[in-house]
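# Survey of secondary and tertiary structure
In case you want the letters, here they are:
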Amino acid sequence: MTGTPLGTAPGSPLRVGLVGYGLAGSVFHAPLIAATEGLALDTVVTSHPERQQQARAEFPDVRLAATPDELFARAAELDLIVVASPNKTHVPLARTALEAGLPVVVDKPVAGTAAEARELAALAEERGLLLSVFQNRRWDNDFLTLRKLLAEGELGDVWRFESRFERWRPKPKGGWRESGDPAEIGGLLYDLGSHVVDQALVLFGPAASVYAETDIRRPGAETDDDTFLAITHTNGVRSHLYVSATTAQLGPRFRVLGSAAGYVKYGLDPQEAALRDGLRPGPDWGVEPESLWGRVGSGESPVTGGGRPEPTLPGDYPAYYAAVAKALLEGAPNPVTAREAAAALDVLEAARRSALEKVTVTL
């Protein structure tokens, strides 16, 4: 994974083929790729005429392909493949890219099972190719702020980490993400759960045991839309993680309780909303107003003024693709490895078993 990929002239940007131009491709990947020095969005793969028009309007120089086969037919003209298509296609597309000699970025979840993720990781290692997983929430503003607080010892020994990714969507929207077909790898456990579990493992290390409750609450819903996970980490920290589409009153995004103080933060990182609104990375990217800062303190609720305001660090999704470019061009570390993603999938699989069998699963 060192040096310049074959087919790229020295000093020229890496040519990126993006598979999928739905929410993930158009809102997250394409804008971030285009904003990254050293990367150039070369080709977008989508069979939808409207999405093809959207891609051409947003990136006039981009080439279009209707199918992944069209893209792989000219693999020699590309330097990186980004897989942002539906979950069930992640493994076959990533495998095809790696077998074609191309580095790959795959949106989360990288696979439906930890075993598949490790098979892909082994293939990438065998070929000497980068395989990275787009876990963008590692660059959320609140997550970066919490990592800073932990590094500085502000909270003392953390005892419990509460993380909520909650929404109020009382009616299902449909589509593969809400499909009850297991082949689609839908449901909130694997969607938002991929984020909160990854964050918990990054912060507090490996899981020793997992307990979960999953429910289908909404009329017409086919897969889990209200899920709770409890992780006991090997270091003794307990993570309580909530993902839901049925939350009429949203809780704090983070509540972190330690021996010296706690940190409470409400509200989602602003980067997704900015990208959805068509904004692009630039000055003041990822900055939120002081009114949304979390609070650090002890003995009193932040709602009644307890603790002190903690300035929220700017969110930095652009850092992910900057790290990918550096890994490919300079041999720098992979920002998110497939083996890290596999560890998170171990937890998600244990959670699914726990909820089904009503047991705590030891890893």
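Residues numbered from 1 in each chain as written. Predicted model: local features only at pLDDT ≥ 70, side-chain atom pairs only at ≥ 80, totals over all residues. Heavy atoms only, no water.

### Topic: the sheet that holds strand β13 (residues 294-297)
- Reading across the sheet, the nine strands line up as β14-β13-β12-β11-β7-β10-β9-β8-β15 and stay open at both edges, with mixed pairing between neighbours. The open sheet terminates on both sides in strands that have one partner only, identified here as β14 (308-310) and β15 (361-362).
- Of the pairings in the sheet, the one linking strand β11 (residues 254-258) to strand β12 (residues 262-265) comprises four bridges and is antiparallel in character. Along β12, the bridge assignment pairs Phe-254 with Lys-265.
- Those strands touched by helix α6 (residues 141-151) are β7 (158-166), β11, β12, β13 and β14, and its axis lies near 170° from that of β12.
- Strands in contact with helix α10 (residues 338-357) are β8 (207-215), β9 (226-233) and β15; relative to β8, the strand with the most contacts, it is inclined by about 55°. (Pairing = 2+ DSSP bridges. Helix = DSSP H or I, 4+ residues; strand = E, 2+ residues; numbered from the N terminus. Contact = heavy atoms within 4.5 Å. Axes fitted to C-alpha atoms, helices over the stretch in contact; angles between N-to-C directions.)

### Quick word on the packing of aromatic side chains
- Under the criterion given, the structure shown has nine aromatic pairs.
- A centroid spacing of 6.3 Å and a plane angle of 50° characterise the contact between Phe-28 and Tyr-317, whose relative ring orientation is tilted. Here Phe-28 is found in helix α1 (residues 23-34), whereas its partner Tyr-317 is found in the loop between β14 and α9 (318-330), with 289 residues between them in sequence. You'll find Phe-28 and Tyr-317 in the same group, each marked buried. (Phe/Tyr/Trp six-rings, centres within 6.5 Å; stacked < 30°, edge-to-face > 60°. Buried < 20%, exposed > 50% of the residue type's maximum accessible area, 1.4 Å probe, protein only.)

### Side note on the pattern of salt bridges
- All told, the structure shown has 30 salt bridges when counted by the stated rule.
- The shortest N-O distance in the salt bridge between Lys-108 and Asp-191 comes to 2.6 Å. Here Lys-108, found in the loop between β5 (104-107) and α5 (114-127), pairs with Asp-191, found in the loop between β7 and α7 (192-204); they are 83 residues apart in sequence, far enough to count as distant. In terms of burial, Lys-108 and Asp-191 fall into one category: buried.
- Salt-bridge contacts for Arg-164 lead to Glu-162; the nearest nitrogen and oxygen are separated by 3.2 Å. (Salt bridge = Lys/Arg side-chain N within 4 Å of Asp/Glu carboxyl O.)

### With respect to the UniProt feature "domain: Gfo/Idh/MocA-like oxidoreductase N-terminal" (unreviewed entry) in the chain
- As recorded in UniProt, the sites labelled "domain: Gfo/Idh/MocA-like oxidoreductase N-terminal" (unreviewed entry) are residues 14-133.
- From the first C-alpha to the last, residues 14-133 spans 18 Å; its make-up is 42% helix and 22% strand. (UniProt positions renumbered as here; feature names shortened; annotations may be inferred.)

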